[in-house]
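What follows is the residue order along each chain.
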Amino acid sequence: MAAGRKRVLDETSGHPKAKKTKTDDTTKKSKEKTQKPAQPASALVADEIDFPRGGGTSLTPLEVKTLRAEAVKEADKELFEESAKEKTIKRRRKSEVVGKIKASDKDGRKTSGIRIEHLNYKVRTLRVAVGMKILGQVVAVEPLALIVSLPNQLFAHVPITQVSTQLTHILENMDDVETQSADDEEEESSPSRVPDLFEIFQPGQYVRAVVTAVHAPGATDATGLGRARDEVQKASRRVELSLVPEKVNEGVAKADLRAGFALSASVKSIEDHGYILDLGIPEVSGFLSFKDAQNGPFDAEKKLHVGRLLDVVVTKMSGNGRTCNVSVDPQTLKSASLSEVTSVNSIVPGALVQSLVTAVQPDGLILQVLGFFDGTVDQFHLPPGDPEERYKIGQKVRARILYDISPSTPPRFALSLVDHVIKYDVKSVQSDAATTDLREAYPVGTVLEAVKVTRVESERGLIVEVGSGVEGFVHISQVSDEHVPTLSALSGAWKVGTVHRARVTGYFPLDGILQLSLKPSVLAQKFLQVADVQVGEVLKGTVKKLTDSALFVSISGNVDGVIWPNHYADITLKHPQKRFKPGGSIKCRVLVVDPERKRVVLTAKKTLVESSLPIVSQLSDAQVGVVTHAVVFKASDKSLQVEFYNNLKATVPAREASETVLSSLPSAFPIGKPIQVRIIAVDPETGRITASIRQASPNFRSAITDISGVDIGDIVEGVVSDIRKDKAVITLQPTQVTALLSLNNLANRREVSVAQLRSTLKVGDKLQDLVVTSRNPEKGFVLVATKPKEKEALLQKSHLSLDTVQPGQLVGGRVLRHNRHGALIKVTNSISGILHPTDAADDYESGKPFPAVDSVLKAVVLSVDKERRQLRLSTRMSRLFPGQDRPIVDREITSLSDLKVGDTVRGFIKSVVEHGLFVTLGRDIDARVQIKELFDDYVKDWKSRFSVNQLVKGRILSIDAEKKQVEMSFRSGDLKRDSRSQLSLADLSEGQKVDGRVKRVEDYGLFIEIEGSKLSGLCHKSELSDNKDADVTLALRSFREGDKVKAMILSIDREKRRISFGLKPSYFEEKDFEQAESEGEDEDEPAPTLGVVEDAEESDSANHSADDAMADGAEDGESDEESEDGEDGAMDVDLTLDLQQPSGSSVAPPADPTETLSLEDGFQWSAPQPGEDVEMESDEESDEDGRQEGKKKKKKRKEIEKDLTADMHTKVPESNADFERLLLGSPNSSYLWIQYMSFQLQISEIDKAREIAKRALKTINFREEQEKLNVWIALLNLENIYGTDESLESTFKDAARHNDSKTIHLRMAEIFEQSDKPEKAEEQFKRTVKKFSQSSKVWTLFAEHYLKRGMLEEARKLLPRSLQSLEKRKHLKTICKFAQLEYKFGDPERGKTIFEGIVDSHPKRWDMWSIYVDMEAGQGDINSVRNLFNRVLALKMTSHKAKSFFKKWLELERRLGDEEGQAAVKAKAIEWTQRAAGNSES
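In this text, all values refer to a predicted model and were calculated from it rather than measured experimentally.

### Thoughts on the sheet that holds strand β6 (residues 262-270)
Thinking step 1. Spatial ordering of the closed barrel is given by β6-β7-β8-β10-β9, a layout of five strands whose pairing is mixed. Strand after strand, the sheet turns through a mean of 55 degrees between neighbouring axes, direction not considered.
Thinking step 2. As defined by bridge partners, strand β7 (residues 274-278) adjoins strand β8 (residues 285-289) across five bridges and the pair is classed as antiparallel. Note that in β8 the partner of L277 across the bridge is G286.

Here it is in structure tokens:
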């Protein structure tokens, strides 16, 4: 007995050793370890029955309870007396702690000596021990293991072999089962097959478990989890659990199996009427009937697999004591409570027990469980609030067992009082609208601006308050980026009450708290998990490691990406280690995101990274006609296999790979080569995509005339090809698009009659200044009108500044790009503008809400934002021409006051989110459309119906002016539909005639739904016709779902809620239908179609020939044209010629192929040629190809008969052979060579383009220096766009050796500027001024570069630097140039100051005076100009020079001044002449 007591004392005194230092003698530890296995169980741990198998006790249950209670009191009394005697000096500090706890308990109960401890891995404190039974919650289901959340922020795993004995047996016999059932077709549905873990478990499910192993950190992985992909998996490796009922239910006796007892069980076998369950208790089996199984939380239609684990509740025990019936009803499980047990081992984790509060401490509660056993509740499992205020001693509470604290004598349990554990549910957050899961309310990565510290555990971390009823835990390692050894609750940066900024990094589901981090580095991370990364996103990462098989890149925090070798660059790198060095920065694009495998695959290919083409990452993105980039991953002689994003693949047949016949596809398209393709076919069922490289080229001609290169408002010219009755057919140049022009419109413009026009207008006449007014892509033609006379000249760009621009002023600009606010317009080099889609047109459908990039347009200024140096623009015709009465289809909405409930408005989809759409209605006004308001009927895949920037039409439902929120609906019907009362069965009577709709058509009749209700019934086929001999089957076929019918109610079965209808004509009279018609007339007009706005003329385009189509189109637009012509004699289209031409058309092809190429205005790869379109082909072309194929075949014969030999010199080259033929005749033409290079680039033949450039440099005559220079510049452009930094530098050095070095240096900088690489341009300028410091041009161009970028101070510092390097004779010219740059791009006042210095020191430099006058005139200040002329004319000069100054002054007065100024100039000129004559005479 003494030995037994000694061991008991060792255990009880072992708990206060939690804070003891590591100076304990190792021999004592070894003694402890040897003593633990030999420790006998307490008398209360299990009844020591003499004959456990057969005998029993003669005592009644009441006597047993009394004896146990007395034994507990005696044992505790002896225990505490002996422990008090054996306390030593070494344990003084811990005894003081226990003394404090005792002192705090005024009643001096025995429970005051119990410590409330946390579960952890540490040896010296309460730790997870093998054999401990514990409650867990499933976090994730892996293929071979479960990840489980344990109490106190711990995680564990359950291998697939520890789920149930039966499942393990099936796994062991897998090979035998597979060979036996190889020919069995029903193997999939067999209950004995191996079920996947995700079929048995789901996240959030509670499981009872027993600890089978605790691994040391860094131990060999034997978990079945594989490589840890996140922190939760890594943390779960330490503890291994088992769910096997034999282990979890060990100690549960047969006598415990009373009604209401909950435990784990596994399916042992399937019988005729139900399932036999293995409870893990000897001599007892469980039985679950099929009927009861349907109430379980699983699919009722499928049978449960053998080996499946279930949570069951005993409902009754059979008479023979061998079988007990169980239930799997979730509600019964949640409410089942334990009231009596035979021994302590009968208490399984998860049991709901009645408890009594025996002590309330600041760190938790001490309970008495079932009247016998002690229990503790730590603060993590108490409801929020102070436990001393919420709970009182003697209070009864219902708690759920979490785990048994073993080893401990007497037995103790840890319990939970939190709501979600008591209810066996997941932690949820209560909001105003609804209850939300904790994970959904606070997703990983959410930044919380203010969390308040409520509790500090000095060695563990912080407990913070996140929101109402939501707490978070910050581990001590996540408090700061610096090491924090300990935390204090009373002082320091993290004391109680302090508020911090935090970020959600994970969850502890069982505890129901968030895992947070306060680290600044974590707060700054862009991504916290792989799922946050978006496919196609361009990222900047840091090279982490380069191996032989891959490059690893750190993207953000612990999120890494991998780049496979074939994605290192556009070309294969022989020495990647030279380019990718650890720690270096790398720009890449996300290629694949795999959240399940926690993998991000990146690409560093320059073509893909810098591509502006659409991202195709899923099958829905792969629309026919889309042009995008792809990478070759497999090549054969018959086809290419290419890959888009997210492992989406496509096939390119050999015929679509190139326009020319290739000898070998694999050699022409090596693996890893980036190419541009057009999607030409998509099969949604098989997921097969077919693409074409050949059709991706802009040179490709489709069967239908492509009019994508001509937009509404463009100024065009063309040649008359035919004259008809009231219109002329024009072939536009250079696009070859057919256009129709009203003769009436042309006659009014020329101010002649139509008859006179007919006599003078001839086929072949060239017409200029035509404005495109309408487009018909389906029929392949446009309508044009003559350009009206300009009513208001645009202000020159050079005169524009933020100070001079006024709202209402007209400006011109070029579209740079599109962002979420609209189109970004470049007005001048220093001023940009924003064109919102709702400000683009008065009619969104016919206008251009999203103008093409690089297109030039004219707009009116709405407002000026001087801080951002931006203008807010509008291209609405009502704004451009406010005096004219123009129809406005889509009105401007500038504030919420412009909207009213019930208004029908149109807008553009801003974003598509999980709960619906956001539609932009105005510049700062967005409306929300919830999912329920999108369609009248239920649509499952609704997201595919909508896309960003799509035009939609809806009705305003509600407006909240305070929150600035607008709700909108796409559903049809009027506002009364919701208020309309629904018909019920009681409102109907037999013989009543109702309107209905065919809901379903069956072989035996029709199901009809009554209008205005959800009631439906059957009309048997015998009730369709009065003629008995009629074929009712044929009559049934004539009905379709949705057809409106009038029916008579034949009978109503109110008990079964069935209605029988009849449709026989004899049931109705004529007045029934007349009444229906009159009701229809009284009703309001049908509501307009809401939702996505589509073209109304889609179906008619395929039914007419091309000529008929043009005639129809002309007639459609003729009435409008004539009405406008009648008013002012011309179409009312006021668009400026200079501003409507796309920038790509600035370089026109020469009439003679041998003409040299001018590159003064910058380099462009392609220029529009006859028959070639500037823009890419539209998405609809492939559909139009099919519709027009039949028509084009008829015309082919006639076209073949034509003699094309005369057109060889003017025909646009369309193949390699065409270019080679032209180059034989003009080998020195750089224009032809560059076009040949451009042709190769359009079909992604980059290497061939390089070879052609090298051929050109060898072929062109050495005397043709300019031609060679043009080719060198083209090669530099090629390397800049498609090459690497190394290849560009090598080409640059070669060009500098073979040409004028300064010219090449400056052109290189210009190339960088044009390709939006300002940093590289700046670096190139620095190299150039270092090498050519004696050149004034180099310094001034460098200054211009800085000024264009807004870097004024850097530009101004260049002037003194340049004067130190330049010769004195160049100083004046350089200073003058810097002053001019200040006027153009910087501060005009500064430029004026510089010029004043020049004319002061060099008063006789008339050229400087002239430039000074021009600069001031550019500012529009006539008084300043007059002052300058007065000053210069006061100086002595020749009459010739004076005459030129007076002439210039007069011209400026006419342009900027007034008539008085002109008269004053003339008077001053006469006066100066007389004075000069008088001086000469004297």
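### Quick word on the sheet that holds strand β37 (residues 766-776)
Thinking step 1. Ordered by their spatial adjacency, five strands build a closed barrel running β34-β35-β36-β38-β37, and the pairing between neighbours is mixed. Neighbour to neighbour, the strand axes of the sheet diverge by 55 degrees on average, direction disregarded.
Thinking step 2. Relative to strand β36 (residues 738-742), strand β35 (residues 727-733) is paired through five bridges, and the arrangement is antiparallel. From the neighbouring strand, I730 faces β36, where its bridge partner is A739.
Thinking step 3. Relative to β36, helix α19 (residues 743-750) is tilted by about 60 degrees, and along the sheet it contacts β34 (715-723), β35, β36, β37 and β38 (781-786).

### Comments concerning the nonpolar core
Thinking step 1. The biggest cluster of nonpolar side chains holds 44 residues, and the ones touching the most others in it are L257, L277, L288, L310 and L415.
Thinking step 2. In contact with L277, not counting residues within four places along its chain, are A265, S266, V267, K268, S285, G286, L288, L310, V312 and V326.

### A closer look at the packing of aromatic side chains
Thinking step 1. Applying the stated criterion across every chain yields a total of 22 aromatic pairs.
Thinking step 2. Residues F1219 and Y1236 carry aromatic rings whose centres are separated by 4.8 Å and whose planes lie at 10 degrees to one another, so their mutual orientation is stacked. Of this pair, F1219 sits in helix α27 (residues 1216-1225) while Y1236 sits in helix α28 (residues 1230-1242), and the two are 17 residues apart along the sequence.
Thinking step 3. Residue classification places F1219 among the buried residues on the basis of a relative accessible area of 3%.
Thinking step 4. For Y1236, a relative accessible area of 4% corresponds to the buried category.

### Thoughts on the packing of helix α36 (residues 1371-1385) against helix α38 (residues 1406-1418)
Thinking step 1. Put simply, α36 and α38 touch, their axes get as near as 10 Å, and they point 5 degrees apart. Considered as vectors, α36 and α38 are oriented roughly parallel to each other. For the pair α36 and α38, contact is made by L1372, C1376, Q1380 and Y1383 and by M1408, I1411, Y1412, M1415 and E1416, respectively.

### With respect to helix α32 (residues 1301-1314)
Thinking step 1. For α32, built from 14 residues, the straight-helix expectation of 20 Å at 1.5 Å per residue is met to within 8% by its first-to-last C-alpha distance of 20 Å.
Thinking step 2. Among the residues making up α32, those that are buried are S1301, I1304, H1305, L1306, M1308, A1309, I1311 and F1312.
Thinking step 3. Of the surrounding secondary structure, the elements contacted by the buried residues of α32 are α30 (1265-1282), α31 (1285-1298), α33 (1318-1331) and α34 (1336-1348).
Thinking step 4. D1316 sits one or two positions beyond α32 and adopts a positive phi of about 55 degrees.

### So, the pattern of salt bridges
Side chains that differ in charge, positive against negative, can pair when their charged atoms come close.
Thinking step 1. Taken as a whole and judged by the stated rule, the model has 49 salt bridges.
Thinking step 2. The partner of D842 in a salt bridge is R876, with the nearest N and O atoms 3.0 Å apart. Residue D842 is found in the loop between β41 (832-835) and β42 (856-865), and its partner R876 is found in the loop between β43 (870-874) and α21 (877-880); the two are separated by 34 residues along the sequence. Assigned by exposure class, D842 and R876 land together as buried.
Thinking step 3. Notably, a salt bridge pairs R1255 with E1220, separated by 3.0 Å at the nearest N-O pair. With R1255 in helix α29 (residues 1246-1259) and E1220 in helix α27, this pair connects stretches of sequence that are 35 residues apart.
Thinking step 4. Salt bridges sharing common partners tie together D839, R879, E892 and R923.

### Some words on the confidence of the model for the protein chain
Thinking step 1. Of all residues in the protein chain, 78% attain a pLDDT of 70 or more, and the chain-wide mean is 77.
Thinking step 2. A low-confidence stretch, residues 85-111 stays under pLDDT 50, and its non-local contacts, those more than four residues away or across chains, total 27 contacts.

### Remarks on the side chain of S874
Thinking step 1. Along the chain, the position of S874 falls in strand β43.
Thinking step 2. Residue classification places S874 among the buried positions, given a relative accessible area of 0%.
Thinking step 3. Engagement of the side chain of S874 in a polar contact is seen with the backbone oxygen of D839, the distance being 3.1 Å.
Thinking step 4. Not counting chain neighbours up to four residues away, the residues in contact with S874 comprise L835, D839, A859, V860, L862, R879 and L880.

### Quick look at α33
Thinking step 1. For α33, with 14 residues, the first-to-last C-alpha span of 20 Å sits near the 20 Å given by 1.5 Å per residue.
Thinking step 2. Packing partners of the buried residues in α33 comprise α31, α32, α34 and α35 (1352-1365).

### As for the pairing of strand β12 (residues 352-361)
When a strand is regular, its side chains alternate between the sheet's two faces.
Thinking step 1. Taking burial as the measure, the 10 residues of β12 include seven buried ones, the bulk of the element.
Thinking step 2. When strand β11 (residues 337-338) meets β12, the two strands line up parallel, connected through two bridges. When the sheet's bridge partners are listed, L338 is paired in β12 with V353.
Thinking step 3. The sheet contact formed by β12 and strand β15 (residues 396-405) spans five bridges and is antiparallel. Within β15, the residue paired with Q354 across the bridge is R398.
Thinking step 4. With six bridges joining them, β12 and strand β13 (residues 364-369) adopt antiparallel strand pairing.

### Considerations on the environment of V631
Thinking step 1. Among the structural elements, V631 can be located in strand β29 (residues 627-635).
Thinking step 2. Of the residues examined, V631 reaches a relative accessible area of 4% and is grouped as buried.
Thinking step 3. Placed 65 residues apart in sequence, V631 and N566 show a C-alpha to C-alpha distance of 9.4 Å.
Thinking step 4. Apart from the residues within four sequence positions on either side, V631 is in contact with H567, K605, L608, Q641, V642, E643, G672, K673 and P674.

### Topic: the side chain of N1270
Thinking step 1. Relative to the assigned elements, N1270 resides in helix α30.
Thinking step 2. Take N1270: its relative accessible area is 0%, and that puts it in the buried class.
Thinking step 3. A distance of 3.1 Å separates the side chain of N1270 from the side chain of S1230, its partner in a polar contact.

Rules used throughout
Residues numbered from 1 in each chain as written. Predicted model: local features only at pLDDT ≥ 70, side-chain atom pairs only at ≥ 80, totals over all residues. Heavy atoms only, no water. Pairing = 2+ DSSP bridges. Helix = DSSP H or I, 4+ residues; strand = E, 2+ residues; numbered from the N terminus. Axes fitted to C-alpha atoms, helices over the stretch in contact; angles between N-to-C directions. Contact = heavy atoms within 4.5 Å. Core = buried A, V, L, I, M, F, W, Y, C linked by side-chain atoms within 4.5 Å. Buried < 20%, exposed > 50% of the residue type's maximum accessible area, 1.4 Å probe, protein only. Phe/Tyr/Trp six-rings, centres within 6.5 Å; stacked < 30°, edge-to-face > 60°. Parallel < 35°, antiparallel > 145°, perpendicular 65-115°, else oblique. Expected span 1.5 Å × (residues − 1). Salt bridge = Lys/Arg side-chain N within 4 Å of Asp/Glu carboxyl O. pLDDT = per-residue confidence, 0-100. Polar contact = N/O pair within 3.5 Å; in protein donor to acceptor, adjacent residues only side chain to side chain.

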